[in-house]
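Now for the letters of each chain:
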Amino acid sequence: MDPMQAIRETFFQECEEQLGELETGLLSMQEGAADDETVNAVFRAVHSIKGGAGAFKLDRLVKFAHVFETTLDKIRTGQLAPAPALMKTMLRAADVLADLVAVSRDGGAFDDNRSNELIAELSGHSGAPQAEPQASEEMPEANPFAALGWEPVTLEIGPELKEYVIGFRPKPELYAKGNETTRLMRELSRLGSLSVHCEIADVPLLANLEPEQSYLSWRATLRSDQDLATVQAVFEFVDGDCHLDIEAVDSTHLPELPALEIAPEVEAEESAPDPVAEAKVAASATPEPPKTVASAPETRAPREPAKAEAGGAGAAAQNTIRVDLDRVDRLINLVGELVINQAMLTQRVLEAGAVKNASISTGLEDLEHLTRDIQESVMAIRAQPVRPLFQRMSRIVREIADATGKNVRLKTEGEGAEVDRTVIERLADPLTHMIRNAVDHGLERPEARIAAGKPPQGEVRLSAAHRSGRVVIEIADDGRGIDRSKVKAIAIKKGLIPADALLSDVEIDNLLFLPGFSTAETVSNISGRGVGMDVVKRSIQALGGRISITTRVGHGSTFSLSLPLTLAVLDGMVVKVADQTLVVPLNAILETMKPKSGEVYGLGPDSQVIGIRGGFTPLIDVGYELGFRAHRADPMSGVTLLIETEGGMRSALMVDAIQDQRQVVIKSLEANYGHVDGIAAATILGDGRIALILDTDAVVHRSSGRSASSEMLLAG
Amino acid sequence: MVEIESRANAGAREYITFRIGSQYYCIDIMSVREIRGWTPATRLPRAPGYVRGVINLRGVVLPIIDLADRLGFTPTEPTARHVIIVAQTGKQVVGLLVDAVSDIIDMAADKVQPTPDVGSEAARAFVVGVMAIEDRMISLIALESLMPAQVGEAA
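Now for a look at the structure at hand. Keep in mind it's a predicted model, so treat the numbers as computed, not measured.

Reading the values: the criteria
- Residues numbered from 1 in each chain as written.
- Chains lettered and ligands numbered in written order.
- Predicted model: local features only at pLDDT ≥ 70, side-chain atom pairs only at ≥ 80, totals over all residues.
- Pairing = 2+ DSSP bridges.
- Helix = DSSP H or I, 4+ residues; strand = E, 2+ residues; numbered from the N terminus.
- Axes fitted to C-alpha atoms, helices over the stretch in contact; angles between N-to-C directions.
- Contact = placed C-beta atoms within 7 Å.
- Buried ≥ 20, exposed ≤ 12 C-beta atoms within 10 Å, placed from the backbone.
- Core = buried A, V, L, I, M, F, W, Y, C linked by C-beta atoms within 7 Å.

**A look at the sheet that holds strand E10 (residues 136–141) of chain B**
Strand pairing within a sheet occurs via backbone hydrogen bonds; the two strands may be parallel or antiparallel. Residue and element names in this part refer to chain B. Across the sheet, five strands lie side by side as E8-E1-E2-E10-E9; this open sheet has mixed pairing. If you trace the sheet from one side to the other, it starts and ends with strand E8 (100–107) and strand E9 (127–133), each paired once. Shown here is a sheet whose adjacent strand axes are inclined to one another by a mean of 35°, direction ignored. With six bridges joining them, E9 and E10 adopt antiparallel strand pairing. Following the sheet pairing, Ile133 is matched in E10 by Arg136.

**Things to note about the sheet that holds strand E8 (residues 458–467) of chain A**
Residue and element names in this part refer to chain A. Spatial strand order, E6-E8-E9-E11-E10: five strands in an open sheet with mixed pairing. Across the chains shown, the open sheet's two edge strands, defined by having one partner strand only, are strand E6 (408–413) and strand E10 (546–552). Neighbouring strand axes in the sheet, compared pairwise and without regard to direction, differ in orientation by 15° on average. When E6 meets E8, the two strands line up parallel, connected through six bridges. In the strand pairing of E8, Val408 is matched with Gly458. Taken strand by strand, helix H17 (residues 421–442) contacts E6, E8, strand E9 (470–477) and strand E11 (556–564), and its axis lies near 20° from that of E9.

**Section: the interface of chain B and chain A**
Facing 21 residues of chain B, the contacting portion of chain A comprises 27 residues. Residue assignment for the side of chain B that touches chain A shows that the elements contributing at least two residues are strand E4 (51–57), strand E5 (60–66), strand E7 (92–98) and helix H4 (149–154) of chain B.

**Side note on helix H23 (residues 696–703) of chain A**
Residues and elements named next belong to chain A. Burial within H23 is extensive, with seven of its eight residues counted as buried. Those residues of H23 that sit buried are Thr696, Asp697, Ala698, Val699, Val700, His701 and Ser703. On its buried face, H23 sits against strand E13 (580–585), strand E17 (615–621), helix H22 (622–625), strand E18 (639–644), strand E19 (650–655) and strand E22 (690–694).

**Concerning the nonpolar core**
What tends to happen in soluble globular proteins is that the nonpolar side chains get buried as a cluster. Core analysis: the largest hydrophobic core is formed by 82 residues, its most contacted members being Val622, Leu653, Ile693 and Leu694 of chain A together with Val54, Ile65 and Leu96 of chain B. Formed by 41 residues, the second largest nonpolar core is a distinct cluster that contains Ala476, Leu543, Phe559 and Leu561 of chain A.

Structure follows, in structure tokens:
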């Protein structure tokens, strides 16, 4: 890849992270947590995006980010209060910023009016208080002296020339990011007169020299009328990538008046109980002129907290690495092999009858534990928290709430729950759809809510939690709940169910997942665009997940998604069919049963149904269907698995025997062969042989005569 | 020197030969990954008869083609003495079930003659050329045409 392209990609990846930070920060500010740390994090996010965008000449992005940043800076310095109205604007600005990033990355049209509108709005917020004198910055400096009753003259640093001694020692990261000392020094020299001295004492002998290490450091003396913050601003972009130590030395006053150095220190410690006593103690100690003085302006400088933060961020950056996904996948494959091999080894040792040897069996057990541990750790690499996904949803909620005129609050829980990256990626669309539904169909308008005795603000709760090896994601609203009689009426009207159908509450709720069902009486442009819950259900099923609804009329509905943590392994039931071993995905199986005589009926020349609790379900002989045997087996001789297919239809699959229930590693059949109808993928069992994983939907489709092109390809 | 030059020009290649019944066949050795003993394969539903199924080759799902069956002979009754030639064709890896591997031969490309026009459809479809060595005729097999057509397209 073109190196520039690679850098660009990294920039956009980082943008995504920054946008996430930004949104989280803004949301917690909206909740009232406007502490320095949060505000700084938000500011940094916008600032980094602006910096990067500048490097790639993304002017629109820079322009917008700049206005955004200016407003944030006002909040940061306390000139603007994070009032609710302002926060709302900020959140919208974050959305626009995200869109601008997306447009800059993928190309495409962007409505400049949107950004201009917000630029105007942001300037409106930040412009008004700007007129006030910048009192807040001056105040803390002046106040303590007044309180202490000291002569202000002694500490007046004034607008005259100040001398700064700057110690600058770049870390290797600074060079790695393409920064350069020369440029920084040139920048410094613009502020005043500068003399620079390069320290070469640390440069090792050539034999010991590491080319990518940083050995040089610089000591610069700057005489300038600028304040410390301006000098520090020069190093803004290398913050955290260098050891920087800027000392302001007042060359005219300091040497003669050493005792006065105590003053700034006392002033810095705002809570000092007795300044006079403190001063005495300090005065009796041997003073170190430049250091004590330096500490004072630095504490006052607004950049200080940011600097500490940046240090933290630097540390965090060192704790993570970006790894090519292919490499991770290769590792996961290899570990899959390891698991299979370990199972094979165990089986062979058992067959060889060596189990009596205690040390061998202990060794095997240890190996098994180790392989499981390795597998789990490797899977954890691909796992990512659902947080970014949830963050995207808060935006969806905002947009829909605006469009529908509803007052909605999104509450998220368990954002830290980790799921496989692919699952997260493929969850975005269904989740968006369900969130839209919850706001559009689930929640009532404010008037209706008040009439029902509920607070006018509706709540959508999005939560994630790990539950017995799966992740459960719930989308709950406190709206009106599902009107079952209406659902049933619509289903009958659309011919989805017969008019005289007797359905349980759960069955009625599940009608929502039927293709062609939409409860919205008028098709809005938000939900009900023909993309129904059936699509949602299918995408969840394609991920090996299940979806269910619980609803209480007047109290709201909850959609629960139960998803596997990874797509590399699958929980399956190992069954025997006509001497072949097959694996049936566990998520498809509702129950297993042994048919009794008199429960199976013929229907037409070539079909059978089985009576289950009063209803009739098609009975499919898997062995016959897959061509493993020429004639149907006696249903009484086997076991049936009641399964649910897409569209909520039920079928009974007949197999010869159930052998085991276990987790299997998914292997692609397509890579070396091709797609086999009725088979989702392959796996390798403990005896080293390949077992095929059944695509239950395709088998049912095929049996019912429709041509099946199932989307349930587990491995590509 | 002269000989090396002429060999280079002619593009000498090595072929791995094996017997099916009484006839000799060969494939380009560059496409052979390994040769291994027969292990029972897992049947694939509705696959053509010559696809014996799939086996586990160190974690890779490897389809096995019964070459005798594919070329129109009686299907092989595989025993532990039968061998699988693991060969690469395009991006896919396939296993060819044969009776036994007999030899590795060196043959200049210009010694490979076009397939004589015979009636057998299988011979025309899968044999890209023939060569004579000592008193034998060896047919060169085109690997890419061995896989079932619709599968090749699907993959």
